[in-house]
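Remarks on the overall topology
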Amino acid sequence: MSPADTGASTIVAAASPVPDADSDSRLTPGGPGYRRMSFALFLAGVATFALLYSTQALLPLISSGFAVSASAASWTVAAATGGLALFVLPMSALSERFGRRTVMTASLVVAVSLGVLVPFAPSLGALVALRFLQGAALAGLPASATAYLAEEVWPKALVTAIGLFVAGNSVGGMSGRVITGWVAQEWGWRVAVAVIGVIAVACAIAFRLLLPAPRHFTPGSLRPRVLARTVRDHLANPLLCRLYAIGALFMTVFGGVYTVIGYRLTEAPFSLPQGIIGSIFLVYLVGTVSASTAGRLVGRLGRRGALYLAGGTTAAGLLVSLADSLPLVLLGLVLITAGFFAGHAVASSAVSKTATTGRAQASALYQSAYYIGSSTGSTVGAMAFHAEGWAGTVGVGVLAVLGVMTITVLGSRAARTQQRLAPIGPSGV
């Protein structure tokens, strides 16, 4: 079985394909349009994650403002990621018909427009509803972006290009939380989310001006039967299903940790102010680096080796974070962030490489699983924190990492079995 089918080590970054006429016309590092494309999608990633997680660093203030528990306030995060998870597949179908750039632009326009209303939410219920709609609007961006890259970028550069998009996600997540932390400390959480909305508007405008027009997009069908058949085919692919589960489990860890960490740091023995807690999210810069270097990591260790390393790094970070020492907690967050973003970049790029047809739907299914993991992690992690403290949240994360490792082991066994059965032919690709 080929690496694309088995998860074997030689994928995009490690392979050396001979360019054909079609791949020669695609965007390549150093070539015309590649830098504009990379920066445009980087900004789209910034806007997406800044909006999607704009309330996460503010949860203690939202809890206080609405007089609700941590688990209730966590729904402002879970609703947004849940909305994205539910709508990412329908939005990917629209991108197959109307184009990736069109759908991504429309998604950002609607999301930033809703962002104007979020600061004026009169109750927690209204805030959760607006956040759900905002997440649903953003659903058109992640799957469309990876499909755009798979179509427009030279295959050998795909992992690096997707890594840069994921790096934009990490910068958006970091800047959104840091900015909201300091702004909220002075003017409250409503002004903080309003500032994020303004930043997202600027990113959306720059994205539309910079992103090159697609040259390799072919419109597809909006017929439900065609969409259902494509989804069924993807779900019948064992490698894709493993990758979807890995993305969901990695995000369960990440969603739980970063939803709860603010509550932990406001309590003894840390008792940190909101601005300092927001600055903790500067560790996202580690994720920017680990995501953007995922291609080299896969080239050196192989896909499964990279996933083992990412999972092991994440687990180590969870265990280190149990200490009641701020430097060790920060070290734990660094390891968790590095492991998560590396694992996410490897898994998401593998989905784009594996799916040769219906790429938007394949990416959409991955994004749906990924954000279901985020919603699950946010909610279950907060419930575990309420019941058992930080150790409960860490326990949830460790179980999720064990799931990643188990799935990767099963993929390794499946690859070895298939190679014994078919050692010659496509398996050598």
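Just so it is clear, the structure is predicted and the values come from calculations on it, not from any experiment.

Among the secondary structure elements, His-234 is positioned in helix α12 (residues 224-235). Sequence-distant contacts of His-234, that is, excluding residues within four places in its chain, are made with Leu-240, Cys-241, Tyr-244, Ala-355, Thr-357, Gly-358, Gln-361, Ala-362 and Leu-365.

What tends to happen in soluble globular proteins is that the nonpolar side chains get buried as a cluster. In this structure, Met-37, Leu-41, Leu-149 and Tyr-258 are the most contacted members of the largest nonpolar core, which totals 128 residues. When residues in this core are grouped by element, the largest group, 16 residues, is from helix α13 (residues 238-266).

Its location among the elements puts His-386 in helix α18 (residues 359-388). With 134 residues separating them in the primary sequence, His-386 and Thr-252 have C-alpha atoms 17 Å apart.

Moving on, we come to the pattern of salt bridges. Within the structure shown, the criterion is met by two salt bridges. Notably, a salt bridge pairs Arg-264 with Asp-324, separated by 3.2 Å at the nearest N-O pair. Linking Arg-264 in helix α13 with Asp-324 in the loop between α16 (294-320) and α17 (326-354), this pair joins segments that are 60 residues apart in sequence. Under the relative-accessibility criterion, Asp-324 is labelled exposed at 60%.

Let us now look at the confidence of the model for the protein chain. Predicted confidence across the protein chain gives a mean pLDDT of 83, with 91% of residues reaching 70 or more. Mean pLDDT values for the elements of the protein chain range from 32 in helix α1 (residues 3-6) up to 95 in helix α8 (residues 124-138). In this model residues 1-23 is a low-confidence stretch, pLDDT under 50, and it forms 59 contacts with partners more than four residues away in sequence or in other chains.

What counts, and where the lines are drawn
Numbering of residues starts from 1 in every chain and runs along the sequence as written. Local features in a predicted model are, by the rule used here, given only for residues with pLDDT of at least 70; side-chain atom pairs are given and counted only at 80 or more, and totals for whole chains, interfaces and linings are based on all residues. Only heavy atoms go into the side-chain values, all of them from the structure, while hydrogens and water stay out. What counts as a helix is a DSSP run of H or I of at least four residues, what counts as a strand is a run of E of at least two, and both are numbered from the N terminus. Should any heavy atoms of two residues lie within 4.5 Å, those residues are considered in contact. Throughout this description, the term nonpolar core refers to a set of buried Ala, Val, Leu, Ile, Met, Phe, Trp, Tyr and Cys residues connected via side-chain atoms within 4.5 Å. Partly exposed residues are those whose accessible area sits between 20% and 50% of the maximum for their type, while under 20% is buried and over 50% is exposed, using a 1.4 Å probe and protein chains only. By definition, a salt bridge exists where a carboxyl oxygen of Asp or Glu is found within 4 Å of a side-chain nitrogen of Lys or Arg. As a per-residue measure, pLDDT tells how confident the predictor is, with possible values from 0 to 100.

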